[in-house]
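Structural features, examined
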Amino acid sequence: TLYRARTAAYAELHLQRETLRIMPGLRLFSDSGTRWIAPEPRLALRYKPFEQTAFKLAGGLYHQAVRSEHLLPETGNPDLPLTRSAQIAGGWEQTI
């Protein structure tokens with residue numbers, strides 16, 4: 001049996017300059033099963049050129065813990081790293 005704890009902490013800053021909001025963030029992810037600590041930087045932008053219109057863009061680095069059964073020496077590999085991905089998303093917000 002593998003006992004493990006997964007924890008995370010997140011901090012975000014909101015900077016506003018006229019029609020542009022910038023929100024940098026950092027999440028620290030920890031998995032005791034793999035003994036990994038993963039920094040995950042994030043950035044979100046919100047541009048509001050008109051009262052009822054906003055454009056949004058966000059991106060960051062994300063991690064996912066390996067399933068416990070894949071870390072057991074009998075059935076898997078205890079040295080597996082965290083799965084990671086870089087993601088980006090955008091959107092348009094319109095109030096009617």
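Residues numbered from 1 in each chain as written. Predicted model: local features only at pLDDT ≥ 70, side-chain atom pairs only at ≥ 80, totals over all residues. Heavy atoms only, no water.

For the rest of this paragraph, the subject is unusual backbone geometry. Excluding glycine, a negative phi dihedral is what most residues carry, and trans is how most peptide bonds are arranged. Of note in this structure, E18 is not a glycine but carries a positive phi near 50°. Inspection of the secondary structure puts E18 in the loop between β2 (15-17) and β3 (20-31). (Helix = DSSP H or I, 4+ residues; strand = E, 2+ residues; numbered from the N terminus.)

Its location among the elements puts R27 in strand β3. In this structure, the C-alpha to C-alpha distance between R27 and K56, residues 29 residues apart in sequence, is 20 Å. Apart from residues no more than four positions distant in its own chain, R27 is found in contact with A8, A9, Y10, A38, P39, E40 and R42. (Contact = heavy atoms within 4.5 Å.)

On to the environment of G25, then. Positionally, G25 belongs in strand β3. In this structure, the C-alpha to C-alpha distance between G25 and G60, residues 35 residues apart in sequence, is 8.9 Å. G25 has contacts with Y10, A11, E12, E40, P41 and R42, leaving out every residue within four places of it along the chain.

Among the structural elements, T53 can be located in strand β5 (residues 53-64). Linking T53 and D79, residues 26 residues apart in sequence, is a C-alpha distance of 48 Å. Not counting chain neighbours up to four residues away, the residues in contact with T53 comprise Y47, K48, W92, E93 and Q94. Of note is the side chain of T53, whose polar atom sits 2.8 Å from the side chain of Q94. (Polar contact = N/O pair within 3.5 Å; in protein donor to acceptor, adjacent residues only side chain to side chain.)

Where side chains of opposite charge bring their charged atoms close, a pairing between them can arise. According to the stated counting rule, one finds four salt bridges in the structure shown. Close ionic contact of R27 with E40 constitutes a salt bridge, the shortest N to O distance being 2.8 Å. Placement of R27 in strand β3 and of E40 in strand β4 (residues 36-50) is noted, with a sequence separation of 13 residues between them. When its relative accessible area of 0% is taken as the criterion, E40 is described as buried. One salt bridge in this structure joins R46 and E93, with 2.7 Å as the shortest N-O distance. (Salt bridge = Lys/Arg side-chain N within 4 Å of Asp/Glu carboxyl O. Buried < 20%, exposed > 50% of the residue type's maximum accessible area, 1.4 Å probe, protein only.)

Turning our attention to a nonpolar patch on the surface. Nonpolar side chains collect at one region of the surface, where L20, Y47, F55 and W92 lie side by side and expose about 430 Å² of accessible area between them. Structurally, L20 is set in strand β3. (Patch = residues over 30% accessible without salt bridge, like charges linked within 9 Å, V, L, I, M, F, W, Y side chains within 5 Å. Areas by Shrake-Rupley, 256 points an atom, 1.4 Å probe, with all protein chains shown as cover.)

Moving on: the pairing of β5. The sheet contact formed by β4 and β5 spans seven bridges and is antiparallel. Counted as the bridge partner of L43 is G59 from β5. Two successive antiparallel strands, β4 and β5, enclose a turn made up of two residues. Across 12 bridges, the pairing between β5 and strand β6 (residues 83-94) is antiparallel. Of the residues in β6, the one forming a bridge with L57 is G90. (Pairing = 2+ DSSP bridges.)

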